[in-house]
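# What the coordinates show
Spelled out from the first residue to the last, the chains are:
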Amino acid sequence: MILYANGCSMTYGSELVDDPVTGCCTDDRQRWRQAWPGWLGRALGADRVVNDAVPSGSNDRVVRTTVGWCARMLGLGTAPAGLFVVVGWTSALRREFYVAGAYRQLVPHHRYALPELDRLAAAYRETAWSESESISRFVTQVVTLQSFLDMQGIPHLFFDALSGIGEDLLHAAPAAVQTAQLIDRDRYFGFGPPAVTLVDRLRAEVPQWNGQHPSAEGHRVWAAHLFHFSASRDIVSAGRPGAAAGPAENEPAYDGTSRVLVFDRKAGFPRRPTGPRRGSETELRPSSGLAARLRAARRQDPFLYP
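Residues numbered from 1 in each chain as written. Predicted model: local features only at pLDDT ≥ 70, side-chain atom pairs only at ≥ 80, totals over all residues. Heavy atoms only, no water.

Attention shifts here to the overall build of the protein. Within the protein, the regular secondary structure consists of 11 helices and 9 strands. The buried share of the protein, taken over its 306 residues, is 54%. Looking at the protein as shown, the accessible area adds up to about 13000 Å², and 54% of this sits on carbon and sulfur atoms. (Helix = DSSP H or I, 4+ residues; strand = E, 2+ residues; numbered from the N terminus. Buried < 20%, exposed > 50% of the residue type's maximum accessible area, 1.4 Å probe, protein only. Areas by Shrake-Rupley, 256 points an atom, 1.4 Å probe, with all protein chains shown as cover.)

Set out below in structure tokens:
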């Protein structure tokens, strides 16, 4: 079985670092092992684990890359039953746009070093962002990906990493509520209200929670929750115990070439690491007073992750 995981930094394993001096992860394979997809893969006895998440990743990107990856695997002759897709949905306000020759992840609150993306973010905030639209789009994305996976016969499991879709529906338009009736709750861990999100559960259960991303212990605990949920509903049969879990050498975890930004707690804004990294294009451009405002905003807004 191949376990394919997708989502944002909560799935990617941001802050699972192995260099305390630079705050970087210099060994991607270690991050793959410590993030929850690695733990879940080992529990299920998966032959291979692919962690395709990126920091600040959007649900737009999740749908695009998950469908693309599954299509490639099916095209190579992989049996649908030999795949298991697990998605940690992220904040609905995030978007993906094709800008300056590449797919870029956009968080409306952020500023960007890439001029074209920064201009788009400003225009999006001023003219296009809508909470109602975000929720409706999120519900449609869940139903769309669920329908694609069901049509192809691919086992899957969904959960909310940051905000609960069930609670979002309390503020949604009637059409979105009706569409949400199509969501399979038996394959959606923690569907609420009350929602069981990765953030809420680990804040309550893991003392090492730092308020931003799970520790290695947090990822292990979350993988255990997903394992027991999938086992209780017989979503996927456990494979042989002890099978190697980790991406193949030729399977990149990210389909881009940009660099991860490491959060500098003293400065209050992301800084560039010393070497090339995989990750998102999210880059805050600090200005006078911005660092203080960001620190205050992050205490209030759970969507602002590096």
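Looking at the protein, the pLDDT average stands at 78 and 73% of residues meet or exceed 70. Across residues 238-306, where pLDDT falls below 50, the model places 152 contacts with residues more than four positions away in sequence or in other chains. (pLDDT = per-residue confidence, 0-100. Contact = heavy atoms within 4.5 Å.)

With that out of the way, let us pick up helix 5 (residues 115-128). In this model helix 5 runs 19 Å from its N-terminal to its C-terminal C-alpha over 14 residues, within 8% of the 20 Å that 1.5 Å per residue would give. Taken together, the buried positions of helix 5 are occupied by L117, D118, A121 and Y124. Summarising the axial view, the buried residues of helix 5 lie within an arc of 125°, below the 170-degree limit, and thus occupy one face. Exposed positions of helix 5 whose direction lies more than 90 degrees from the buried face are R119, E126 and T127. On its buried face, helix 5 sits against strand 4 (95-99), strand 5 (102-106) and helix 6 (131-152). (Expected span 1.5 Å × (residues − 1). Arc of directions from axis to C-beta.)

Moving on: the sheet that holds strand 3 (residues 83-89). If you trace the 5 strands from one edge of the open sheet to the other, you get 2-1-3-6-7, paired in parallel fashion. One side of each edge strand has no neighbouring strand; the edge strands of this open sheet are strand 2 (48-51) and strand 7 (188-189). Here helix 3 (residues 36-44) sits on the sheet and contacts strand 1 (2-6), strand 2, strand 3 and strand 6 (156-160); the angle it forms with strand 1, its principal contact strand, is near 155°. Together, strand 1, strand 2 and strand 3 form the strand contacts of helix 4 (residues 59-75), whose direction differs from that of strand 3 by roughly 175°. (Pairing = 2+ DSSP bridges. Axes fitted to C-alpha atoms, helices over the stretch in contact; angles between N-to-C directions.)

Quick look at the packing of helix 3 against helix 10 (residues 216-232) now. Closest axis-to-axis distance for the helix 3/helix 10 pair is 8 Å, and the angle between their directions is 45°. Considering their axes alone, helix 3 and helix 10 lie oblique with respect to each other. Handedness of the helix 3/helix 10 crossing: right-handed. Listed contacts from helix 10 to W36, W39, L40, A43 and L44 of helix 3 are A216, H219, R220, W222, A223, L226 and F227. Looking at side-chain class alone, the contact of helix 3 with helix 10 contains 10 nonpolar, 1 polar and 1 charged residues. (Parallel < 35°, antiparallel > 145°, perpendicular 65-115°, else oblique. Left-handed = near helix turned anticlockwise from the far one by under 90°. Nonpolar A, V, L, I, M, F, W, Y, C, P; charged D, E, K, R; others polar.)

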